[in-house]
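A closer look at the structure
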Amino acid sequence: MGNPVMQWQILTKQPKKLEEFYSKLFGWDVSQANAMGYMQADTGSKEGIQGGFWPIGENQGHSMVQLFIRVEDVRSQAKKAEELGARIVIPPQMLPDGDEMAVAMDPDGIPFAMFRGGKQSG
């Protein structure tokens, strides 16, 4: 299944730290073969879109984006995220439509959600 994201780009002042965090958490393969510093991420899934990490300087705003990442086991991924330095802000819970979701803040303070759809498609 992989762990697809539907639309994303992370702007961060800590690109290397976040590359390591997301690679370890979801098994993404991140390429640094871009002369401008953009780090392309391959989520390992044919679903969704690929994205990446864009380094920003100290005076270029703040890190931002919220990712919605589909996972097979929300509870185990939330635990693993916490072990890798994330802060869980909404613990794993069932939503009224049957989906399960947890929201965390990664080590750079960027929010992201991990979810498992009650009615998986594809």
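Just so we're clear, the structure is a prediction, and the values are computed from it rather than from any experiment.

What counts, and where the lines are drawn
Per-chain numbering applies: the sequence of each chain, read as written, is numbered from 1 onward. This being a predicted model, a pLDDT of at least 70 is required before a residue's local features are given, and a value of 80 or more before pairs of side-chain atoms are given or counted; all residues contribute to the totals for chains, interfaces and linings. Hydrogens and water are ignored here; the side-chain numbers use all heavy atoms of the structure. Per-residue confidence from the prediction method is given by pLDDT, with values spanning 0 to 100. Secondary structure elements are taken from DSSP: a helix is a run of H or I of four residues or more, a strand is a run of E of two residues or more, and numbering for both begins at the N terminus. Each pair of strands is called paired provided DSSP finds at least two bridges between the two strands. To obtain an axis, a line is fitted to C-alpha atoms, over the contacting stretch when the element is a helix, and the angle between two such axes runs from 0 to 180 degrees between their N-to-C directions. Only rings of Phe, Tyr and Trp enter the pairing, Trp through its six-membered ring, and a pair is recorded when the two centres are within 6.5 Å. The plane angle decides the type: under 30 degrees is stacked, over 60 is edge-to-face, the rest tilted. Buried residues are those whose accessible area, probed at 1.4 Å on protein chains only, stays under 20% of the maximum for their type, while exposed residues exceed 50% and partly exposed ones sit between those limits.

**What to know about the confidence of the model for the chain**
Residues with a pLDDT of 70 or more make up 93% of the chain, whose mean pLDDT is 87. When the elements of the chain are averaged for pLDDT, strand 5 (residues 67-70) gives the smallest value, 87, and helix 2 (residues 74-83) the largest, 98.

**Focus: the sheet that holds strand 3 (residues 39-42)**
With respect to topology, 4 strands assemble into an open sheet ordered 1-4-3-2, the strand pairing being mixed. Strands at the two margins of the open sheet, each flanked by one partner only, are strand 1 (10-12) and strand 2 (29-31). Averaged over all pairs of adjacent strands, the angle between strand axes in this sheet comes to 25°, irrespective of strand direction. When strand 3 meets strand 4 (residues 51-55), the two strands line up antiparallel, connected through 3 bridges. Following the sheet pairing, Gln 40 is matched in strand 4 by Gly 52.

**A short note on the packing of aromatic side chains**
Inspection of the entire model under this criterion finds 9 aromatic pairs. Seen in terms of ring centroids, Tyr 22 and Trp 28 are 5.5 Å apart; in terms of plane orientation they differ by 15°. Their pairing is stacked. Plain terms: the ring middles of Tyr 22 and Phe 53 are 6.0 Å apart, the flat faces sit at 35° to each other, and that makes the pair tilted. With Tyr 22 in helix 1 (residues 15-26) and Phe 53 in strand 4, the pair connects residues that are 31 residues apart, well separated along the chain. Pair check on accessibility: Tyr 22 and Phe 53 agree, each one buried.

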